Amino acid sequence: MIDVAAAAAGPVVLGEGLEKRYGRKRVLRGVSFAVPRGGFLVVTGANGAGKTTLLRLVAGLAAPTGGVLEVSGDRRDLGFVGHEPLVYQELTALENLELFGRLYRVADRRERSGMLLERFGLWDARSDRVSTYSRGMIQRLALCRALLHDPALLVLDEPFTALDEDGAGVLDMELSALAGERTVMLSTHDPARVEALATDRLVLA
Amino acid sequence: MSALTLYASDVVALARKDLRLELRARDTLPAMLLFVLSTLVVFHFALPTGTADDAAYGLLWIALIFTALLGLARAWAPEREGGALDGLVLAPCDRSAIWLGKTLAVLVFLTAAELVALPAFALFFAPVDLVAVAGVVLASIGICAVGSLLAAMAAASRGREVILPLLFLPLAIPLIVGGVGAGISPEGATYLTFLGLYDLVFAILAWATFEYVITE
Amino acid sequence: MSSRNNLPLLAFATTAVLGIAVVLALLVAPEDVDQGVSQRIFYFHVPIALTAYLCFGLGAWKALRLLWVGGERRDFESYTWIHQGTIFGALTLITGSIWAKASWGVWWSWGSNQLVLFLVLFLFYCAYFMLRFSVDEGARRERICAVYALFGVALIPVSFFAIRLASDFIHPTVFTREGPQMTGTMFGSFLVCWVGITLLAYVMYRIELVGKRTDANLRELREALS
């Protein structure tokens, strides 16, 4: 499935000797990895090993304090799911997707929002404020938000958190559909769940 | 669409989002309106009888500045919940548009408060002429432009409610000078020019530096 | 640290220059005809004020460089310059206050634009420290502090004009300290004082920078050991 010509152009994400410190506190040290186009990198590690920090670096939400990090493309090409849903709590799901769709210049944002909300089982709750959602519903909305602009690179920080079996099933299907077509970096405590999709693995210590 | 139209549409979308949130929650504007009215009433008792109108103008400005602080302290509250600010930082829009959108939204709130405060002031204390109103408009732009940036800084700190007035007041002194001068000086135009210059200098500075305040 | 540490030598030279400056200002320079002996504080007040501006300016310059090219080192340098600026700003307020008492009989005068400006700047830079101590260490803090330091240098000229404008309606009588033209000896003494105070600020900056870095390294070691 991997596009040979594109893969030859080099990795989509390349980290060499990455280091991140917050003041005196060192969170990451000497992390190196590469994800080719169409690759699927699974990041594992104990709590506090720096999985979240690493993914925030790749997403551009934080800058490394040492080492080299190259991410091809710009912010338009990146979809990110983090610990927080990154949406407005007092807007409805539809209003959130409309706002972010506009900022991401998604021309058919109405259709795509509708389709994603439908797929993730949020269509009936589309006009409810996010603050009334359960944890699982918020996580589903966060996934809709990340997929809205059909990004070439998906960075997912423990995306299965808080999802029930239904939600996790939908995410499984989405990831299978995207694997090979899109580049994915995913952190998880349950690597078995994405074993079949993974092309690369990174264990943080 | 040209880059400028896109930029403007981002700014409008962001500002409209804030207005929509305010219409829904109503937790900032009513507080500002009530605060500015209460302050003016308190000033009546704080001013000895027979005090000149000039002194009352000074108090008007204190009321406006603290009302603006009240609004600014809550300006980034919607972005703090749920990590929405990270969502905006990730979006491919120009980061300065986030600042400009917030500035416009706060300016709308402050203008609404002033629409109540100025007639009330004219009724309670002293007449307000056109130059004084122009002074209020120009100073409000400066207050919101600088204030929304400082509020974003304060939002990143631990003591955000306490720290915002400390950051803001030294920077607001020139605005108060310009505003009071426009109200009471016979050479109001000088003060209006000064306020316009302040707005220009600090709006450009805030526009250029906002990105650094919200990224790591 | 670097092997060729010229700091002790520099400190010694500064002490010498300052010693000469004190002698020149108190004994050699001719007495002012109008103000008498109290005018001699001018030789310290004005250089201290100019040095404070210089420190704030350098702090903002390092802040600009930090935003431009990055580097944790520049954050330390900016912080240390602003620290020195605040110390010299406080000294400006103290010496200005003494001078006001000597020449006008009051410890504080809103009519002195320079003093009022320093009061505003003192408040502004105190807020800088409050901000710095209430944001968690890291790149975010470096940048936020740098942006605030840049606002500081923009505030200096803007406040300067604001205070001049304000004195028109708040305090119509304008005090001037210009007085008669300085004689050659007076100007020479003034220059020596200025050089001395500037050197003092630089030496203090260097010492403080070493102290802050040592403190940071110590904490890093402690973190690594625990």
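Caption draft 1: Quick peek at the pattern of salt bridges. Residue and element names in this part refer to chain C. Throughout the structure, instances matching the rule amount to 32 salt bridges over all chains. Lys62 is the salt-bridge partner of Glu77, the closest N and O atoms lying 3.2 Å from each other. In this pair, Glu77 sits in helix H3 (residues 72–104) while Lys62 sits in helix H2 (residues 42–69), placing the two residues 15 residues apart along the sequence. The buried category is assigned to Glu77, whose relative accessible area is 6%. Its salt-bridge partner being Lys212, residue Glu208 comes within 2.7 Å of it at the nearest N-O pair.

Caption draft 2: Region of the structure containing the interface of chain C and chain B. Across the boundary between the two partners, chain C contributes 29 residues, which contact 33 residues of chain B. When chain C packs against chain B, close to 2900 Å² is buried across both sides, 78% of that on carbon and sulfur atoms. Here chain C is connected to chain B by 1 salt bridge. For the salt bridge of Asp136 of chain C with Arg158 of chain B, the shortest nitrogen-to-oxygen distance reads 2.5 Å.

Caption draft 3: Representation of the interface of chain C and chain A. Taken together, the contact pairs 8 residues of chain C with 6 residues of chain A. Summed over both sides, the interface between chain C and chain A buries roughly 710 Å², with carbon and sulfur atoms accounting for 40% of that surface. The interface formed by chain C and chain A includes 2 salt bridges. Note that Arg21 of chain A is salt-bridged to Glu72 of chain C, the shortest N-O span being 3.1 Å. Among the elements of the structure, H3 and helix H6 (184–225) of chain C are those that each provide at least two residues to the side of chain C that touches chain A.

Caption draft 4: Up close: the side chain of Asp10 of chain B. Inspection of the secondary structure puts Asp10 of chain B in helix H1 (residues 3–25). Assessed through its relative accessible area of 0%, Asp10 of chain B is described here as buried.

Caption draft 5: View of the sheet that holds strand E8 (residues 200–204) of chain A. Residues and elements named next belong to chain A. Here 5 strands make up an open sheet; going across it, the order is E5-E6-E7-E3-E8 and the pairing parallel. Every other strand in the sheet has two partners, leaving strand E5 (78–81) and E8 as the edge strands with one partner each. The average angle at which neighbouring strand axes cross in this sheet is 10°, direction not considered. Direction of pairing for strand E3 (residues 40–45) relative to strand E7 (residues 183–187): parallel, over a ladder of 4 bridges. Bridge pairing in E7 links Phe40 to Val184.

Caption draft 6: Fine view of a nonpolar patch on the surface. Residue and element names in this part refer to chain B. Judged by side-chain polarity, Phe35, Ile62, Phe66, Leu70 and Leu169 come together as a nonpolar surface patch covering roughly 360 Å² of accessible area. With 3 residues, helix H3 (residues 53–73) is the largest single contributor of residues to the nonpolar patch. Examined against the element boundaries, Leu169 turns out to sit in helix H8 (residues 160–184). Its relative accessible area of 31% is what places Leu169 among the partly exposed residues.

Caption draft 7: Structural view of the packing of H1 of chain B against helix H6 (residues 95–124) of chain B. Residues and elements named next belong to chain B. The N-to-C vectors of H1 and H6 enclose an angle of 45°; their axes lie 8 Å apart at closest approach. The angle between H1 and H6 places the two elements in the oblique class. The way H1 lies across H6 gives a crossing that is right-handed. The segment H1 lies against H6, with Tyr7, Asp10, Val11, Leu14, Ala15, Lys17, Asp18, Leu19 and Glu22 engaging Ser96, Ala97, Ile98, Leu100, Gly101, Lys102, Leu104, Ala105, Val108 and Phe109. Split into classes, the residues belonging to the contact of H1 with H6 amount to 12 nonpolar, 2 polar and 5 charged.

Caption draft 8: Quick look at the packing of aromatic side chains. Applying the stated criterion across every chain yields a total of 24 aromatic pairs over all chains. Ring geometry for Tyr57 of chain B and Phe121 of chain B: centres 5.4 Å apart, planes at 50°, overall tilted. Of the two residues, Tyr57 of chain B is situated in helix H3 and Phe121 of chain B in helix H6; the sequence distance between them amounts to 64 residues. Taking the relative accessible area as the measure of exposure, Tyr57 of chain B reaches 7% and is therefore buried. For Phe121 of chain B, a relative accessible area of 0% corresponds to the buried category. Between Phe190 of chain C and Trp194 of chain C, the ring centres sit 5.9 Å apart and the planes meet at 45°, which makes this aromatic pair tilted. Here Trp194 of chain C and Phe190 of chain C lie together in helix H6, a separation of 4 residues that amounts to about one turn. Residue class for Trp194 of chain C comes out partly exposed when judged on its relative accessible area of 34%. In this arrangement the basic side chain of Lys20 of chain A is found over the ring face of Tyr22 of chain A, its NZ or CZ atom lying 4.8 Å from the centre. Lying over the aromatic face of Tyr79 of chain C, Arg132 of chain C brings its terminal NZ or CZ to 3.9 Å of the ring centre.

Thresholds, definitions, all that
- Residues numbered from 1 in each chain as written.
- Chains lettered and ligands numbered in written order.
- Predicted model: local features only at pLDDT ≥ 70, side-chain atom pairs only at ≥ 80, totals over all residues.
- Heavy atoms only, no water.
- Salt bridge = Lys/Arg side-chain N within 4 Å of Asp/Glu carboxyl O.
- Helix = DSSP H or I, 4+ residues; strand = E, 2+ residues; numbered from the N terminus.
- Buried < 20%, exposed > 50% of the residue type's maximum accessible area, 1.4 Å probe, protein only.
- Contact = heavy atoms within 4.5 Å.
- Buried area = accessible area lost by both parts, 1.4 Å probe.
- Pairing = 2+ DSSP bridges.
- Axes fitted to C-alpha atoms, helices over the stretch in contact; angles between N-to-C directions.
- Patch = residues over 30% accessible without salt bridge, like charges linked within 9 Å, V, L, I, M, F, W, Y side chains within 5 Å.
- Areas by Shrake-Rupley, 256 points an atom, 1.4 Å probe, with all protein chains shown as cover.
- Parallel < 35°, antiparallel > 145°, perpendicular 65-115°, else oblique.
- Left-handed = near helix turned anticlockwise from the far one by under 90°.
- Nonpolar A, V, L, I, M, F, W, Y, C, P; charged D, E, K, R; others polar.
- Phe/Tyr/Trp six-rings, centres within 6.5 Å; stacked < 30°, edge-to-face > 60°.
- Lys NZ or Arg CZ within 6 Å of the ring centre and 35° of its normal.

The values reported here are purely geometric and, on their own, carry no functional implication.
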